[in-house]
Amino acid sequence: AQAKRQELMRIQDEIIDKYGNEASGINLVTGSIEEQGKAIDNLKAKEAKSWIGQNVEGIDEAKKDIDTPGRIKLTNINAKYSKEFIKKLNKYKWAYGDLGVFYSHTEDINFSYKNYYDAVKKFNQLISDLTEERNRLFVKSPDSKEYEQTVDMLENASDRYKKFVNDNQESLEVYEKYIDYAIIANPNYSKSIANLQSARQEYEKSIDNQMPDENVDEKLEDLKSAKEYIEEQIKKAESEGDIGVAKELKRRLEEVNPFILEAEIRLNKNDLRDKIVNTLTTDNGKSFTSDQLSDIVTRHYNPDPENPLTADEKNIWERLNETANAYGITIDDLINKLEYLGL
């Protein structure tokens, strides 16, 4: 008890050091935990609002740098890269519609991006694929022009990526601090995240403790209510033009979507378990293991001319994609949940 009291006093001293006289009314040792927690939250919200108010211009500039779409020019292809090389580039998975990268032999090699995070995602995929291709060619034909072009493109992409990150580093720090503070400063935003985290934890406890289905069902409904509340806050943030905050709330929501799907399958809500089993079974009665489903996904994004998807596999891919989209989760998350539930 003495050690716990000393720890509370240490935390209290830190709060007073940070917030000064404004924190003088907080007493973690003798006060109600709930009341003291609210007092601390109020101090944090006040600090967040103050910082936002003092940095409006810098925040606007950071938003412009991080949230604005753009285009990145990698290199001028006409001098160095053959039509065959460009044709091969367009077969990479980062050249598919989900990443929106496209190259033309008559233009500079470039890609468009929706925002800073989208650009980083595309750069990382590009560099990963080019590294894999360089390694493959080093073994197969290290003296070939194709190898030389791949190495050149990889070096170019890596240099552009470093420059892009360095140019936006300061803006990114301001932007991410703003998002954190905007959520802290808005009681509805912070409450929506807290509710979601609490509901998820309670659901996981009900599974870990092997509670009866009716108890799991109750926790699922709490989780869905928390989801609805944060969805309302996302719409509010979007309507106010706070795209970064809306994205962060969506990210938090996406973390729990797989658990909602898992619970609904587990409880066979609206015959969902049966429907998914039927969805992932071909018309002629063929079903697939989780490993086979993962293989289908891999071969969809990385087509292998020697092992193309069959008609059944293409059909299953489309069904997987539709189901994942319907629940706001990735296909990998869907397959993992199906495996976890023994489907």
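Everything numeric here is computed off the predicted structure, so don't read it as measured data.

**Examining the overall build of the protein chain**
Scanning the protein chain from N- to C-terminus turns up 13 helices and two strands. Considering only contacts within the protein chain whose residues lie at least 6 apart along the sequence, 66% involve residues at least 24 apart. Total accessible area on the protein chain stands at roughly 20,100 Å², and carbon and sulfur atoms take up 46% of it.

**A few points about the environment of Ile183**
With respect to the helices, strands and loops of the structure, Ile183 is situated in helix 6 (residues 145-185). Overall, the relative accessible area of 8% leaves Ile183 in the buried class. Sequence separation between Ile183 and Leu249 is 66 residues, and the spatial gap between their C-alpha atoms is 8.9 Å. Here Ile183 is in contact with Tyr189, Ser190, Ile193, Val245, Glu248 and Leu249, once residues within four sequence places are set aside.

**Details of a negative patch on the surface**
The grouping of Glu170, Glu173, Glu176 and Asp180 at the surface amounts to a negative patch. Within the fold, Glu170 resides in helix 6. Judged by relative accessible area, which is 63%, Glu170 ranks as exposed.

**Thoughts on the packing of aromatic side chains**
If you walk through the whole model with that rule in mind, you get nine aromatic pairs. Judged by centre distance (5.3 Å) and plane angle (85°), the ring pair of Trp51 and Tyr181 falls under edge-to-face. Pair noted here: Trp51 is in helix 2 (residues 33-54) and Tyr181 is in helix 6, with a separation of 130 residues, a long-range link. By the burial criterion, Trp51 is buried, and Tyr181 matches it. With a centroid separation of 6.1 Å and 45° between ring planes, the pair formed by Phe138 and Tyr147 is classed as tilted. By relative accessible area, Phe138 is classed as exposed at 52%. Judged by its relative accessible area of 17%, Tyr147 falls in the buried class.

**Describing the packing of helix 5 (residues 116-140) against helix 6**
Two elements in contact, helix 5 and helix 6, have axes separated by 9 Å at closest approach and are oriented at 155°. By the criterion of interaxial angle, the relationship of helix 5 to helix 6 is roughly antiparallel. Where helix 5 crosses over helix 6, the handedness of that crossing is left-handed. When the residues that make up the contact of helix 5 with helix 6 are grouped by side-chain class, the tally is 20 nonpolar, five polar and six charged.

**Topic: the nonpolar core**
Ranked by internal contacts, the top residues of the largest apolar core, which has 52 residues, are Ile52, Ile72, Phe164, Tyr178, Val245 and Leu249. The greatest single-element share of this core, amounting to 13 residues, is contributed by helix 6. Ignoring any residue separated from it by four or fewer positions in sequence, one finds Phe164 in contact with Ile72, Tyr113, Tyr116, Ala119, Val120 and Phe123. The next biggest cluster of nonpolar side chains, apart from the first, holds 19 residues, and it includes Leu261, Ile276, Ile296 and Ala324.

**A short note on the pattern of salt bridges**
By the definition in use, this model includes 15 salt bridges. Residue Glu248 is joined to Arg251 by a salt bridge in which the shortest nitrogen-to-oxygen separation is 2.7 Å. Here Glu248 and its partner Arg251 are both found in helix 9 (residues 243-266), three residues apart, which amounts to about one turn of the helix. With a relative accessible area of 36%, Arg251 lands in the partly exposed category.

**Re the environment of Ala199**
Here Ala199 is to be found in helix 7 (residues 187-208). Accessibility expressed as a relative area gives 8% for Ala199, which makes it buried. As a C-alpha pair, Ala199 and Leu223 span 24 residues in sequence and 4.9 Å in three-dimensional space. Here Ala199 is in contact with Asp222, Leu223 and Ala226, once residues within four sequence places are set aside.

Calculation rules
Residues numbered from 1 in each chain as written. Predicted model: local features only at pLDDT ≥ 70, side-chain atom pairs only at ≥ 80, totals over all residues. Heavy atoms only, no water. Helix = DSSP H or I, 4+ residues; strand = E, 2+ residues; numbered from the N terminus. Contact = heavy atoms within 4.5 Å. Areas by Shrake-Rupley, 256 points an atom, 1.4 Å probe, with all protein chains shown as cover. Buried < 20%, exposed > 50% of the residue type's maximum accessible area, 1.4 Å probe, protein only. Patch = residues over 30% accessible without salt bridge, like charges linked within 9 Å, V, L, I, M, F, W, Y side chains within 5 Å. Salt bridge = Lys/Arg side-chain N within 4 Å of Asp/Glu carboxyl O. Lys, Arg positive; Asp, Glu negative; His and termini not counted. Charge placed at Lys NZ, Arg CZ, Asp CG, Glu CD. Phe/Tyr/Trp six-rings, centres within 6.5 Å; stacked < 30°, edge-to-face > 60°. Axes fitted to C-alpha atoms, helices over the stretch in contact; angles between N-to-C directions. Parallel < 35°, antiparallel > 145°, perpendicular 65-115°, else oblique. Left-handed = near helix turned anticlockwise from the far one by under 90°. Nonpolar A, V, L, I, M, F, W, Y, C, P; charged D, E, K, R; others polar. Core = buried A, V, L, I, M, F, W, Y, C linked by side-chain atoms within 4.5 Å.

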